[in-house]
Amino acid sequence: MAEKTYSQAINEALEEEMRRDEKVYILGEDVGAFGGCFGVTTGLLEKFGAERVLDAPISETAIMGSAVGAAVAGLRPVPEIMFVDFVGVCLDELLNQAAKMHYMFGGKAKVPLTLRMAGGAGVGAAAQHSQSLEAFMCHIPGIKVVMPATAADAKGLLKSAIRDDNPVVFLEHKALYGASGEVPEGEYTIPLGKADIKREGKDVTILAYSMMLHKALAAAETLALEGIEAEVIDPRTLVPFDKETLYKSIEKTGRLVIVHEAVKQGGFGGEIAAMVAEECFDSLDASIKRVAAPFTPIPFASNLEAAYIPDEAKIIEAVKSFF
Amino acid sequence: MAQIMLMPKLGLTMKKGKIVSWLKNEGEAVALGEALLEVMTEKVNIKVESPYNGVLYKIIGAPGSNYPISVPLAVLAEEGDGAAALEAALDEAKSVLQAALAGGSDDAEKKKEAKPVKPFGVFAGTGKVSPRAAKLADKEGVALGLINGSGPNGKVVEEDVLNYIAQVKGETTSELRPIDPQSMRGVIADRMIKSRREAAHVTLMKEVDMTSLKDVREQLNALGADKRVKFSFTDFLVKFTGQALAEFPLVNSRSTDKEIELAKSINVGVAVALEEGLVVPNVKNVPILTLEQISAKIKDLAARARNSELDPSEIEQGTFTITNLGAYGVEGFTPIINRPETAILGVGTIRQKPIMVDSRLENRSFMTLSLSLDHRIIDGSLAADFLGRLIEMLENPYPWFQLQPQGNDDLLIKTGGIETPHDLLEAFSGGLAELKEDAPELAIGFESLMAPVFCEGELGIMEKELMAVAVAIYGKCEYCIAAHVYNAMNAGASGDQVMEAAGVAVAFGGGPAMAYTVTKVRECVKAFGG
Amino acid sequence: MALSKEQMLDLYRQMRMIREFEETVAKFFSQGQIPGFVHLYIGEEAVATGVCANLEKQDYIASTHRGHGHGIARGASLNKMMAEIFGRADGECKGKGGSMHIADVELGFLGANGIVGAGLPLATGAGFAAKYMKTNGVAICFFGDASSNRGTFHESLNMASIQKLPVVFVNENNMYGISMSQERHQNITDIADRAGSYGMPGMVVDGNDVMAVYEAAEEAVKRARAGGGPVLIECKTYRHHGHFEGDPCVYRCDEEVNTWKAKDPLPRFVNRLQEMKMATEAEINQIDIEVKKIIADAVEFAQNSPVPSLDELTSDVYCD
């Protein structure tokens, strides 16, 4: 194990997969010599050349659309859309092309691409550069949605995503790029659709992903001082979603708090809550709580942004409402 | 909260009921327990009480119609119910009723029966029970209404149900302990059930008069007080049982399925109750032991049994067992034979009872012996004879210890009703004696009056006393009758002479004199004659 | 390069096949035997036929909502295409795609597409893949006049140009974006003029002249295959039917339709073949009879195919 940043871990995954499979290439705005807006692709141009690390014009549609075409034609593109907020620009290529081709073509076409995008607030990037838009991605059948919270998970999951024959949306959190974590040495992958119990507990289940995992873990430590042992589950992949791990945990604890940074209304937490209510109702000893952002665009001013982002205190408050 | 009145299940087999009539009108207040409607089941008409306090909001079950059990019949409004909640409840009730009536097949009825409409809380939507708690309560058959919720807003959560169950279990059910077959309890269980299964148990019960033995025991204990010897009834029982067994060898036998062993020695076991069960050490060769030796041996065995210091040989080779539950106030019981023995004697408690002895009411002590026998080996008549012999010895113990009865007068019961001639005599003379202490002049005066009259003169004492008998009868004084009949007969009067004197009194006194003559005079003649 | 008689007759057969296929679809659609909606290629057969005659096995085409002709020209199975349009289990896409999503990736047919202009970046990506994998392949993108107003057109031509990708953008200018005529939806007459903006050659050809299309495409495909980068070819043509079957076509006049029907690519090519003494009437008739038989067989195949099993509803959402 070695201490690495989330960004380094992603970079390593890209490098390893590009070495492993020549069909893997990177395409995105400023991913070449610039190393990506967040530096994630630093050094890859030098290692693999301009044929495999392609700077794209500001053309999200063409980036994503050509990646779909190349993927159907047999390559494994890893396009990068700098901010997830820009996905709207190329949404047709994701929603109507990549997601549906395998099905529409009766299973004959494969679209093995991994669309990397950076999301998340907390850096003062305001309304068009800070969103968490996973919910509507999860609403599109045919794509997988991955949201890693740690460096180790980011690396292992990205490698799995690149090897996956389906289009995978890989949502990175921009405020986590500099966060360090233990990353296993050598080759490893983490399967998509497998949640990870990041902390065991018996009194309440907190489901949190991406940046919110870290807030949930911090909240759990505080709660432990008061005798409440929270189990913290990181689904890591939202589609496919590991229901089994969550349900088992709820069977144990009887209580569920879902935490995500995206706005609560229409958020993926609503889907999880509905899922649990439908399939796991009898295990609940309390109503399900969601801790999520208010239904508003993300503000710029630091104090407003801080108020917008769900934090430890809100998680603790939600948990305590059970007791 | 709006409440739904359901067709009640008014009997084990009731599946549906017919509404005879509603006893309240819509809009009318109804109290909990007040008759709300009359329902006819297959068997009987029943007035159904309201399970709620409130107002009969709407009736949806029509008189004259049949409804399956548990279907809604009416909606009751409780205080504070809003119109919307009531209408919602009414809609729900109607739809449940319609659904129940539409699915009129047996299956549908069964389903309804299996899952009756939940009448509480459903319609107002105030989820006061967590689903997890509800599931647990359902599984454990706990009525949620009995549980106080500790969750947010008083919601019943799982923990509340668990606590409730723990509390209820603590009150009503026992702790379960496994029986280790190697433990004493395990061995006892095995032996008891085996004996019960193998031997043909018959139990004879008979009462023993223990008065004499009590006397003997007291005398012996008094004699042995300086030696600190104190005999128990068990000691005597062991002794006499040993003797009886010697006389009835078949009762002193051991048996297997195939053979009967007539034991050479008579080893009488005494059951000793311990905390973890029962042990039966035995006193070997009882007939050759003195009562003192028996007593000492029993005390020693019991003490060592309690300290788990018995030698296996002291438990083995028993030929007969005595088990005494007298200390627990048990009178009679049906003891299980300590196999391979063929009989066991159960000893009950000793109780005092009033009993007529020679026309005297006596306070005597009785005890019931319960003899269980293996009828495969011992016949009832033989067992009865054995028991009879044992009782005979117990009831007449004096010769066995060279003692005489003592303190038998204490047995007399003083009654407040009809007094015997002796009582009368005693009361009178006792009274006079006391009078001498309290008022000597009066006593002396009376005696100085009487003495010159009842002395030998021209008339003999007997004649004078016979005359006194007649006068006493005429004077209706029973004390005088007793005293003068006694004196007359002491002076040589026969019973006939006393009765003739009484005849003189009857001639003058008529009926009352006759009454005294046939009762008191006759009793006194009987009592004092010969 | 002059074409042999055989190649010329193949062009005719291909156009006739498309015409027969589309007329048959129209017939069954009007009878209610085909669900949904269909956009027919009648009148535009020369474009697909002329372009695809230049393609090799490793090449790709990306199509449009009006895609039957492209698929047939690329060699897709007529039976499977017909079955797909009928919504049957033996269709190209197991009956799950329908008219607008017929594809055969094995054949390099990246599919018809329900989104106007969506094929442009797909073909660009396929061209990238061909270049990346050095297959010597080219990618053709068929797209309509109205698509040239979409961002995908701009982004794709620009990206293909800067990356010098082997892509030939074939604009089928049938003069209408649904009901909106070209003169209303853009202020240029020749879409090919836009090629210059992206630094690539643009050509305008008579889209109803299969030979003209063939020759333009031949030049563009050669250039692309040789690493010369993308080309934009604008083929002026016309759809005889409405945007979709059942379109009342209130937006155009009979006169216009008749003018274009007079320029129908099939009779024009037959005349030319006869003028060039390349084919006799009997030979043409013979082809027509053969084609009718093939299409009739395709209909029979489609009608005999079962509807998809309900298991297909949720299968193929993801690859395993």
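Residues numbered from 1 in each chain as written. Chains lettered and ligands numbered in written order. Predicted model: local features only at pLDDT ≥ 70, side-chain atom pairs only at ≥ 80, totals over all residues. Heavy atoms only, no water.

Draft legend 1. Inspection of the domain arrangement of chain B at higher detail. Along its sequence, chain B is organised into domain 1 (3–126), domain 2 (128–176), domain 3 (192–410) and domain 4 (421–528). Placing the centre of domain 1 of chain B and that of domain 3 of chain B at their C-alpha centroids yields a distance of 68 Å. (Domains from an automatic or database assignment.)

Draft legend 2. Expanded view of a positive patch on the surface. A contiguous patch of positive charge on the surface is contributed by C:Lys131, C:Lys134, C:Lys164 and C:Arg223. Among the structural elements, C:Lys164 can be located in the loop between helix H6 (151–162) and strand E3 (167–173). (Patch = residues over 30% accessible without salt bridge, like charges linked within 9 Å, V, L, I, M, F, W, Y side chains within 5 Å. Areas by Shrake-Rupley, 256 points an atom, 1.4 Å probe, with all protein chains shown as cover. Salt bridge = Lys/Arg side-chain N within 4 Å of Asp/Glu carboxyl O. Lys, Arg positive; Asp, Glu negative; His and termini not counted. Charge placed at Lys NZ, Arg CZ, Asp CG, Glu CD. Helix = DSSP H or I, 4+ residues; strand = E, 2+ residues; numbered from the N terminus.)

Draft legend 3. Structural detail: the interface of chain A and chain C. Contacts between chain A and chain C engage 45 residues on the former and 37 residues on the latter. Taking both partners together, chain A and chain C bury about 3300 Å²; carbon and sulfur atoms supply 66% of that area. By the criterion of area lost to chain C, the three top residues of chain A are A:Tyr103, A:Phe105 and A:Lys108, representing 20% of everything that side buries. One salt bridge connects C:Glu92 with A:Lys108, and the closest N-O pair in it is separated by 2.7 Å. Summed over the shared surface of chain A and chain C, the result is 16 residue pairs in polar contact (both at pLDDT 80 or more). Ranked by residue count, the leading element in the side of chain A that touches chain C is helix H3 (residues 60–72) of chain A, at 10 residues. Partitioning the side of chain A that touches chain C into residue classes produces 22 nonpolar, 12 polar and 11 charged. (Contact = heavy atoms within 4.5 Å. Buried area = accessible area lost by both parts, 1.4 Å probe. Polar contact = N/O pair within 3.5 Å; in protein donor to acceptor, adjacent residues only side chain to side chain. Nonpolar A, V, L, I, M, F, W, Y, C, P; charged D, E, K, R; others polar.)

Draft legend 4. Expanded view of the arrangement of the chains. Contacts are most numerous between chains A and C, considering all 2 pairs of chains that are in contact. Note that chain B does not reach chain C: the shortest distance linking a C-alpha of one to a C-alpha of the other is 31 Å.

Draft legend 5. Main features of helix H5 (residues 119–132) of chain C. Residues and elements named next belong to chain C. The terminal C-alpha atoms of H5 lie 19 Å apart, and with 14 residues this matches the ideal 20 Å at 1.5 Å per residue to within 8%. Counting buried positions over the 14 residues of H5 gives 13, a clear majority of the element. Two residues or fewer after H5 comes Lys134, characterised by a positive phi angle close to 55°. (Expected span 1.5 Å × (residues − 1). Buried < 20%, exposed > 50% of the residue type's maximum accessible area, 1.4 Å probe, protein only.)

Draft legend 6. Examining the pattern of salt bridges more closely. All names here are of chain A. Using the criterion set out here, one finds 67 salt bridges over all chains in the structure. A salt bridge links Glu15 to Arg19; its shortest N-O distance comes to 2.9 Å. Taken together, the residues Glu15 and Arg19, both in helix H1 (residues 6–20) and 4 residues apart, mark about one turn of the helix. Note on Arg19: relative accessible area 51%, which makes it exposed.

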